[in-house]
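Working through the structure, step by step
Single-letter residue listing:
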Amino acid sequence: MASCRVPLVLLACGSFNPITNQHMRLFELARDHMHSTGRFEVVGGIVSPVSDGYGKQGLVPAKHRISMAKLALQSSNWVTVDEWESQQPDWTETVVTMRYKTHLLYGLKTATFGKSRLRSVNRFLESPTTLKRKYSGKISKYSSLKAQNTKLTRPFPQLKLLCGADFLSSFKIPGLWLDDHVEELVQRFGLVCVSRGSLQPERAVHESDTLFRHRRNVFLVREWVRNETSATEIRRALRRDQSVKYLIPDSVIEYIHQHELYTEDSERRNEGTALRPLIKQAHQPIKSLDD
Amino acid sequence: MENPTTSKVVLLACGSFNPITNMHLRMFELARDHLEDTGQYSVIKGIISPVGDAYKKKGLIEASHRVEMARLATESSEWITVDSWESQQSDWVETSKVIRHHYEELLAREHNRDDVDTIKYTKKRRIERVQFITGKEVSFPKPKHGPQLMLLCGADVLESFGIPNLWKQEDIAEIVGRYGLVCVTRSGGDPHKFINQSDDLWKYRKNIHVVHEWVTNDISATHVRRALRRGRSVRYLLPESVVRYVQEHSLYSAESEQKNADVVLAPFQKYSDASTSG
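On a predicted model such as this, the values are computed, not experimentally measured, just so you know. (Residues numbered from 1 in each chain as written. Chains lettered and ligands numbered in written order. Predicted model: local features only at pLDDT ≥ 70, side-chain atom pairs only at ≥ 80, totals over all residues. Heavy atoms only, no water.)

A count of helical and extended segments in chain A gives 16 helices and six strands. When each of the 291 residues of chain A is scored for burial, the buried share is 52%. Surface exposure of chain A reaches about 14500 Å², of which carbon and sulfur atoms provide 51%. (Helix = DSSP H or I, 4+ residues; strand = E, 2+ residues; numbered from the N terminus. Buried < 20%, exposed > 50% of the residue type's maximum accessible area, 1.4 Å probe, protein only. Areas by Shrake-Rupley, 256 points an atom, 1.4 Å probe, with all protein chains shown as cover.)

Listed below in structure tokens is the structure:
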């Protein structure tokens, strides 16, 4: 038999401020690892830069971060850049981005749920619980499609979140994630987490009941080569006029110089502002049926 | 942007480059930034000199491949070049001889010396070396206008000075005394301690430039070869063109890693022969 492997798409959310060789390594390492489990076939990778609304210090305009990511990934035949998240007016929860991408993968579009395109898009952004509650009549079409999917010899690709170990540890930060979202992220989607440096993702899984409960859907990839190259370090080097060659692609270096990105001024952007998630989610009750 | 008061420097890196990685290339960039940051130097050129096959290191693949990969890797660099002289010699060449060779070439190019001058200069230097071996204090005079040639290496090379029979003491002294060393620290090394513990190195500590790589970057060629043996991706660890070359020529397998497995490394062979022959 050709393959009982589940086709898989890896989605990485983040600032990509700027994209680095290390980011692209994540995809390569994750793909190798998921293939070696014998259960998956990685068919695609998506880089989804966060929108300017995120409010992180030093974040340069999304259009630049998108352009740089596109330049960097020109030579890749399986990883692409997705602009949807960066184009949203407000910061988008990771889980919402994943729901949107999943629906695109399933090919469910306007036809399934309604005439108005805008309404349909909003429906895609709702959680499975909400969908069930609101569209219990029409939901049969959705679940029958899902049922059909599992019967196909080539099912639709699954979407998993690709991230570094620091991302996993961020679940602990108060106000940054909603419990429901973390639950949906690991239960419905799954995580592929690449460890680097001294962080121990196993510990993060151990210390979170939610992660622990769904540990079979949290894939930990060990990066044996210690590589602490980070976008933060890159920006620091650029501010100090030090070389970043061989840490990020040449085309990205050129772009940065052309547009004079990453200076002491750019690093002060959003200084003193709280991250958008902390503000947005502060007003919402912890357990919510309405996402 | 050359400041007339700065000394011109050429960086020379010797090694297996088996294969060349982004880390090797980073070393050059870090060294250049460091030296120019002192305000005393202007780095005008970088030279990668892959070792010859006669070095007999385990897993060392043919020099022709290693040189070609280094060439592909430096295509996009404005100042780093590859030199195949060392790799083309039939016997293994001591690092000090490689440095001497390149230094002579540099001088010849700079001053357009005729043959007579070169011979006079070589004789003078040979006398100086003898004086050094016999313990007489000798300063290594540097030509006033020529560029300085410095050996660029990682902390592991610096610490290898301590391995018995790997280096000749007079060679170490010449490298740090006459030329100079730029040592880029990799994770786990402590070059300052090592320099402190060696009288030879301590004497010439002003010629040893230690560059701290604040961001740990452990991409070693050993790791890359291991990943390739296991069919894993090495993209973004090496330049794209080198990754393609490795794939096209199916380099680095379990077999290639066994090459020279039961052979003694050339320096050990050479120096132990010398000691047994008295």
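Residue and element names in this part refer to chain A. Averaged over all residues, the pLDDT of chain A is 82; the fraction at 70 or higher stands at 78%. Ranking the elements of chain A by mean pLDDT puts helix H5 (residues 110-113) last, at 38, and strand E3 (residues 79-81) first, at 97. Segment residues 108-124: pLDDT under 50, and 20 contacts once partners within four positions in sequence are set aside and those in other chains are kept. This stretch, residues 139-145, has a pLDDT under 50; its non-local contacts, to residues over four places away or in other chains, come to eight contacts. (pLDDT = per-residue confidence, 0-100. Contact = heavy atoms within 4.5 Å.)

Applying the stated criterion across every chain yields a total of four cavities of 30 Å³ or more. Lining the largest cavity are 13 residues, with Asn21, Asn227 and Tyr246 of chain A together with Ile219 and Tyr236 of chain B sitting closest to its centre. Listed by contribution, the elements that provide at least two residues to the lining of the largest cavity are helix H1 (21-36) of chain A together with helix H1 (22-37) of chain B. Counting residues per element, the lining of the largest cavity draws most heavily on H1 of chain A, at three residues. Across the lining of the largest cavity, the residue classes break down as five nonpolar, six polar and two charged. (1 Å grid on protein atoms, 1.4 Å probe; cavity = no way out; pocket = protein on both sides within 12 Å on 5 of 7 lines; lining within 4 Å. Points joined across faces, edges and corners; volume = space filled by probe spheres on them. Nonpolar A, V, L, I, M, F, W, Y, C, P; charged D, E, K, R; others polar.)

The next point concerns the pattern of salt bridges. Considering all chains together, one arrives at 27 salt bridges over all chains under this definition. Notably, a salt bridge pairs Arg268 of chain A with Asp265 of chain A, separated by 3.2 Å at the nearest N-O pair. Taken together, the positions of Arg268 of chain A and Asp265 of chain A, both in helix H15 (residues 264-268) and three residues apart, correspond to about one turn of that helix. Arg178 of chain B serves as the salt-bridge partner of Glu174 of chain B, at 3.7 Å between the closest nitrogen and oxygen. Residue Glu174 of chain B and its partner Arg178 of chain B are both found in helix H7 (residues 169-179); the two are separated by four residues, about one turn of the helix. With relative accessibility at 2%, the residue Glu174 of chain B sits in the buried group. (Salt bridge = Lys/Arg side-chain N within 4 Å of Asp/Glu carboxyl O.)

On to the layout of surface pockets, then. Here the idea is plain: a probe the size of a water molecule rolls over the atoms and shows the empty space left. Residues and elements named next belong to chain B. Approximately 1500 Å³ is the volume found for the largest pocket. By residue number, the principal contributor to the lining of the largest pocket is H1, which donates eight residues. Among the residues forming the lining of the largest pocket, the class breakdown is 18 nonpolar, 14 polar and 15 charged.

This part takes up H1 of chain A. Residues and elements named next belong to chain A. End to end, H1 covers 23 Å across 16 residues, agreeing with the expected 22 Å (1.5 Å per residue, within 8%). With twelve of 16 residues buried, H1 is to be regarded as a mostly interior element. Among all positions in H1, only Asn21, Gln22, His23, Met24, Arg25, Leu26, Phe27, Glu28, Leu29, Ala30, Asp32 and Met34 are buried. (Expected span 1.5 Å × (residues − 1).)

Right, let's talk about the sheet that holds strand E4 (residues 158-164) of chain A for a bit. Residue and element names in this part refer to chain A. What the six strands build is an open sheet, ordered E3-E2-E1-E4-E5-E6; its pairing is parallel. Every interior strand has two partners, whereas the edge strands, E3 and strand E6 (218-222), have only one. On average, adjacent strands in this sheet sit at an angle of 25° to one another, irrespective of strand direction. Where strand E1 (residues 6-14) meets strand E2 (residues 40-49), nine bridges bridge the pair, whose relative direction is parallel. From the neighbouring strand, Leu11 faces E2, where its bridge partner is Ile46. The strands touched by helix H10 (residues 179-189) are E4, strand E5 (191-195) and E6; relative to E4, the strand with the most contacts, the crossing angle is about 125°. (Pairing = 2+ DSSP bridges. Axes fitted to C-alpha atoms, helices over the stretch in contact; angles between N-to-C directions.)

What follows is about the environment of Ser49 of chain B. Residues and elements named next belong to chain B. The topology assignment puts Ser49 in strand E2 (residues 41-50). Owing to a relative accessible area of 0%, Ser49 belongs among the buried residues under this scheme. The spacing of Ser49 and Asp83 is 34 residues in sequence and 5.2 Å in space, taken between C-alpha atoms. There is a polar contact of 2.6 Å between the side chain of Ser49 and the side chain of Glu86. (Polar contact = N/O pair within 3.5 Å; in protein donor to acceptor, adjacent residues only side chain to side chain.)

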